[in-house]
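# Report on the structure
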Amino acid sequence: MEKKEIKISIIMPVYNVENFVAKTIESVLGQTLKEIEFFAIDDGSPDNSGKICDEYAKKDSRLKVIHKENGGAPEARNIAIDQAKGKYMYFIDSDDWIEEDYLEKMYDLAEKNNADSVITGFYMEYYQNGKDVTYETNCDDNVYTSEEFRLNAYKYLNKSILSLPWNKLYKSERIIKENIRFPKTKWDDHHFNMDFFMNNGIVVTSSMKKYHWYRSRKGSETMINYSDPNMFNKRKEHFDHILKLYSHWNIKDENSIDSINCYYAGRLFQCVQELVDNKKITYKEKRSKVKEILNDEQTIKSLKLAKTLSLKFKILTFPMKIKSVSISMFFGRIVSVVRRILPGLFIKLKEKEVHGK
């Protein structure tokens, strides 16, 4: 396939997904947009995922399989970025799937508006209470100039719409010229997006939802528990990149500042809740780490600037504001109990809070 014929390069890291990757591959190769190249990067997967990719590659030359030693999804994506020839890039996870006209519709929106990026809503799918349940994450229909997007970006941050990679189409020229890559860190996709939007041009947002993101499957009815006792430091790094983005944009309006700090406040409480739920550290260590969170300068500042927190988070973060380690941990323990005993209710409340459902 000639370079000029490739409209989109699709990039998919693959690791331990032998029960799901076939559906993902079929959803990509079955797209109505045919002028694509599709990279499947087998990241040293110990199961049959790589072999499954190879079998599909024999049938369709657009699929290019790269086998490598395990190095993580960021490294896998970056290897494919260096080889991609499409006008746009699209990233997909190897256990999700897309509807057949998704790429074509995003491509048409990008071309029609000469956009740097197209951003859409998506479906989040859980297995809870013995059945599959789907939640929608909605996006609106807009064509933003560079400045307009910067003033409105806060609307998409707290819904996770801005941070995720697979609900977006990216102009390849920007990625290559600015040497934007996925860093080897937690939430690498968030950092990639912050760097991409640092110098954004036209951004199109679309209400279409054609990506299906599996959050939990049969046999795993709850959300992932983060066992990293140092998650707070990674959350700070995560938020620092947001602050860097807004500083670069020179955006200081009240709505933006309030929203990004509400975003961080909710994740600060999550850090406390995850620490309380952590089985790998002692109670004394938990108290010490919670105290560190509550006394952190950015924590204090963000809790003060977060003016429009929901009633739920106003209650949950109140003991954090008054720096009460014991009450903060108590609230974290209550949430952990709800999460463990009533996972369906926990997920429903979480999605209502974050995604407006």
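Our subject is the structure listed above.
Residues numbered from 1 in each chain as written. Predicted model: local features only at pLDDT ≥ 70, side-chain atom pairs only at ≥ 80, totals over all residues. Heavy atoms only, no water.

### Here we look at empty space enclosed by the protein
Evaluated as defined, the whole model comprises 2 cavities of 30 Å³ or more. What lines the largest cavity is Pro229, Asn230, Phe232, Asn233, Leu275, Lys289, Glu292 and Ile293. For the lining of the largest cavity, the secondary-structure elements that each account for two or more residues are α9 (231-249) and α11 (283-294). Ranked by the residues each element gives to the lining of the largest cavity, the list is headed by α11, at 3 residues. Looking at side-chain class alone, the lining of the largest cavity contains 4 nonpolar, 2 polar and 2 charged residues. (1 Å grid on protein atoms, 1.4 Å probe; cavity = no way out; pocket = protein on both sides within 12 Å on 5 of 7 lines; lining within 4 Å. Points joined across faces, edges and corners; volume = space filled by probe spheres on them. Helix = DSSP H or I, 4+ residues; strand = E, 2+ residues; numbered from the N terminus. Nonpolar A, V, L, I, M, F, W, Y, C, P; charged D, E, K, R; others polar.)

### Remarks on the side chain of asparagine 261
By the element assignment, asparagine 261 lies in helix α10 (residues 254-277). When neighbours within four sequence positions are excluded, asparagine 261 is seen to be in contact with Phe239, Gln298, Ser302, Leu305 and Ala306. (Contact = heavy atoms within 4.5 Å.)

### Some points on the packing of aromatic side chains
This model, assessed by the stated rule, comprises 21 aromatic pairs. Ring plane angle 80° and centroid distance 6.2 Å describe the contact between phenylalanine 149 and tryptophan 249, whose orientation is recorded as edge-to-face. Residue phenylalanine 149 is located in helix α5 (residues 146-152), and its partner tryptophan 249 is located in helix α9; the two are separated by 100 residues in the primary sequence. The exposure class assigned to phenylalanine 149 is buried, which follows from its relative accessible area of 0%. Site record: aromatic cluster; members linked through ring pairs are Phe91, Tyr144, Phe149, Tyr156, Tyr170, Phe182, Phe192, Phe196, Phe197, Tyr246 and Trp249. Between lysine 186 and the ring centre of tryptophan 187, over which it is positioned, the NZ or CZ distance is 5.1 Å. Positioned above the aromatic ring of tyrosine 263, the side-chain terminus of arginine 267 is 3.7 Å from the ring centre. (Phe/Tyr/Trp six-rings, centres within 6.5 Å; stacked < 30°, edge-to-face > 60°. Buried < 20%, exposed > 50% of the residue type's maximum accessible area, 1.4 Å probe, protein only. Lys NZ or Arg CZ within 6 Å of the ring centre and 35° of its normal.)

### Focus: the packing of helix α13 (residues 311-321) against helix α14 (residues 325-341)
Viewed as axis vectors pointing N to C, α13 and α14 meet at an angle of 150°, and their least axial separation amounts to 8 Å. The orientation of α13 with respect to α14, classified from their angle, is roughly antiparallel. Contacts between α13 and α14 involve Ile315, Leu316, Pro319 and Met320 from the former and Ile327, Ser328, Phe331 and Val335 from the latter. Of the residues belonging to the contact of α13 with α14, the class tally is 7 nonpolar, 1 polar and no charged. (Axes fitted to C-alpha atoms, helices over the stretch in contact; angles between N-to-C directions. Parallel < 35°, antiparallel > 145°, perpendicular 65-115°, else oblique.)

### Some thoughts on the environment of lysine 209
Locating lysine 209 in the fold gives a position in strand β10 (residues 203-214). In this structure lysine 209 comes out as buried when scored by relative accessible area, which is 18%. Once the C-alpha coordinates of lysine 209 and glutamate 99 are considered, the two residues, 110 residues apart in sequence, prove to be 8.9 Å apart. Not counting residues up to four positions away in its chain, the partners in contact with lysine 209 are Glu99, Gly121, Phe122, Tyr123, Glu136, Thr137 and Asn138. A polar contact is formed between the side chain of lysine 209 and the side chain of asparagine 138, at a distance of 3.1 Å. (Polar contact = N/O pair within 3.5 Å; in protein donor to acceptor, adjacent residues only side chain to side chain.)

### A short note on helix α12 (residues 297-305)
Helical geometry note: an α-helix holds 3.6 residues per turn, so side chains three or four residues apart project in the same direction. Within α12 the residues assigned to the buried category are Gln298, Thr299, Ser302 and Leu303. For α12, the buried positions fall inside an angular range of 125° around the axis, keeping them on one side. Exposed residues lying more than 90 degrees from the buried face of α12 are Glu297 and Lys304. Check the buried side of α12 and you find it contacts α9, α10, α11 and α13. Capping the start of α12, aspartate 296 holds a side-chain oxygen 3.0 Å from the backbone nitrogen of glutamine 298, two or three residues further along. (Arc of directions from axis to C-beta.)

### Description of helix α1 (residues 21-29)
For α1, the set of buried residues is Val21, Thr24, Ile25, Ser27, Val28 and Leu29. Residues of α1 that are buried sit in contact with β1 (8-14), β2 (36-43), α2 (49-59), β3 (63-68) and β5 (97-98).

### What to know about unusual backbone geometry
The backbone of asparagine 179 sits at a positive phi, close to 50°, despite the residue not being glycine. Here asparagine 179 shows up in the loop between α7 (172-177) and α8 (188-197). Owing to a relative accessible area of 54%, asparagine 179 belongs among the exposed residues under this scheme. You will see that lysine 323, though not glycine, has its phi angle at about 60°, which is positive. Positionally, lysine 323 belongs in the loop between α13 and α14.

### Considerations on the pattern of salt bridges
A side chain with one charge may pair with a side chain of the opposite charge, provided their charged atoms come close. Considering all chains together, one arrives at 18 salt bridges under this definition. Residues lysine 7 and glutamate 35 are paired through a salt bridge, measuring 3.8 Å at the closest nitrogen-oxygen approach. Placement of the pair is lysine 7 in the segment before β1 and glutamate 35 in the loop between α1 and β2, with a sequence separation of 28 residues. When its relative accessible area of 30% is taken as the criterion, glutamate 35 is described as partly exposed. In this structure, the salt-bridge partner of glutamate 55 is lysine 58, at a minimum N-O distance of 3.0 Å. (Salt bridge = Lys/Arg side-chain N within 4 Å of Asp/Glu carboxyl O.)

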